[in-house]
Amino acid sequence: MTLLAILAVLTAVAAGVWALTRMALRHGHLLALREPGGGTTLYERGANGRYAWLPAVGLPAALRRFVCGVRAAVRVRARRPRHGER
């Protein structure tokens, strides 16, 4: 009986995650592209409007940001100083 209750809760959680993922894809927060080999790659829209690659382990955080209405943080890469500048 306990195992059946655990499976019911896990099924409900999986259905909720699936529904949130579909909504995020429909609203443009997430983008799924098919690779030539048949795999799927996920991308998340950043604060600047561009899509950045999203690893599968980052999906829960991306869904949380979608529910809260927050765009992904923009990753800034500093360039090296040129010609002796500091």
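These numbers were taken from a predicted model, which means no experiment stands behind them.

Novice: Pulling in residues and values, what's your account of the nonpolar core?
Specialist: The biggest cluster of nonpolar side chains holds eight residues, and these are Ala24, Leu30, Leu42, Leu54, Leu59, Ala62, Leu63 and Phe66. If near-sequence neighbours (up to four positions away) are discounted, Leu42 is found in contact with Leu31, Ala32, Ala52, Trp53, Leu54 and Leu59.

Novice: Kindly report on the pattern of salt bridges, identifying the contributing residues and their values.
Specialist: Under the defined criterion, the tally for this structure stands at one salt bridge. Between Glu44 and Arg65 there is a salt bridge, and its shortest N-O distance comes to 2.8 Å. In this pair, Glu44 sits in strand β2 (residues 40-45) while Arg65 sits in helix α2 (residues 59-68), placing the two residues 21 residues apart along the sequence. With relative accessibility at 5%, the residue Glu44 sits in the buried group. You can call Arg65 buried: its relative accessible area is 19%.

Definitions and cut-offs
- Residues numbered from 1 in each chain as written.
- Predicted model: local features only at pLDDT ≥ 70, side-chain atom pairs only at ≥ 80, totals over all residues.
- Heavy atoms only, no water.
- Core = buried A, V, L, I, M, F, W, Y, C linked by side-chain atoms within 4.5 Å.
- Buried < 20%, exposed > 50% of the residue type's maximum accessible area, 1.4 Å probe, protein only.
- Contact = heavy atoms within 4.5 Å.
- Salt bridge = Lys/Arg side-chain N within 4 Å of Asp/Glu carboxyl O.
- Helix = DSSP H or I, 4+ residues; strand = E, 2+ residues; numbered from the N terminus.

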